[in-house]
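Descriptive structure summary
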Amino acid sequence: MSWFKSFITAFCTAGICFGALFILSPSGKMERSVKYVLSLCFLVIIIAVAGFGIKTADIDFNYDIEASLETQDFKKDIAVAVFETALDNAGINFKEISVFTDNDNKDGISCNKIKIITDCSRERVVGALGGEIDGFEVEVVNE
């Protein structure tokens, strides 16, 4: 209700002031230009006094180290799921998969070693995972 009272007060005050300026405005070639400018001023004052404002957003970027650690754990879980799927597709039974990662500032998180507890041979497991490459070690522990 306060907004409505403010709007009515601003409208009436601006109407009286600019009405008086309309009466005093020149006639002739400048009449239309002056009345146009006075109308725009009337509109701006109504909007400014009535309390219309531009909403601003306060954006706060909060970088939480715990969220970063959760992201690393999530990436590790994804890597385990990928290796589990590859072993399941190859028909290899396994008991446990452990993924060891390295967190490098330049390259980010990378998987450098995987430990698989299974009853299959090492060659079969490595073949199911696509082979060993430099910087990635596959350790197979037979039950």
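The text that follows walks through the structure, step by step, so that each part is easy to find. (Residues numbered from 1 in each chain as written. Predicted model: local features only at pLDDT ≥ 70, side-chain atom pairs only at ≥ 80, totals over all residues. Heavy atoms only, no water.)

**Some thoughts on the overall build of the chain**
- A tally of helices and strands in the chain yields four helices and three strands.
- Each helix (α) and strand (β) of the chain, taken in turn from the N terminus, gives the series α-α-α-β-β-α-β.
- Per-residue burial over the chain gives 19% buried out of 143 residues.
- Summarising the internal contacts of the chain: among those between residues at least 6 apart in sequence, 46% fall at separations of at least 24.
- Of the roughly 10900 Å² of accessible surface on the chain, 58% is carried by carbon and sulfur atoms. (Helix = DSSP H or I, 4+ residues; strand = E, 2+ residues; numbered from the N terminus. Buried < 20%, exposed > 50% of the residue type's maximum accessible area, 1.4 Å probe, protein only. Contact = heavy atoms within 4.5 Å. Areas by Shrake-Rupley, 256 points an atom, 1.4 Å probe, with all protein chains shown as cover.)

**Some points on a nonpolar patch on the surface**
- Together, Trp3, Phe4 and Ile8 give the surface a local cluster of nonpolar side chains, amounting to about 300 Å² of exposed area.
- Here Phe4 shows up in helix H1 (residues 2-24).
- The exposure class of Phe4 is partly exposed, given its relative accessible area of 42%. (Patch = residues over 30% accessible without salt bridge, like charges linked within 9 Å, V, L, I, M, F, W, Y side chains within 5 Å. Salt bridge = Lys/Arg side-chain N within 4 Å of Asp/Glu carboxyl O.)

**Quick word on the nonpolar core**
- Ranked by internal contacts, the top residues of the largest apolar core, which has 16 residues, are Phe83, Ile97, Ile114, Val125, Leu129 and Val138.
- Elements represented by at least two residues in this core include exactly helix H3 (65-89), strand S1 (94-104), strand S2 (108-118), helix H4 (122-128) and strand S3 (137-142).
- For this core, the element with the highest residue contribution is H3, accounting for four residues.
- The residues contacting Phe83, other than those within four sequence positions of it, are Ile97, Val99, Cys111, Ile114, Leu129 and Phe136. (Core = buried A, V, L, I, M, F, W, Y, C linked by side-chain atoms within 4.5 Å.)

**Some thoughts on the side chain of Ser98**
- Take Ser98: it is sitting in strand S1.
- For Ser98, a relative accessible area of 19% translates into the label buried.
- There is a polar contact of 3.3 Å between the side chain of Ser98 and the side chain of Glu96.
- If we skip the residues at most four places from it in the chain, Ser98 touches Lys113, Ile114 and Lys115. (Polar contact = N/O pair within 3.5 Å; in protein donor to acceptor, adjacent residues only side chain to side chain.)

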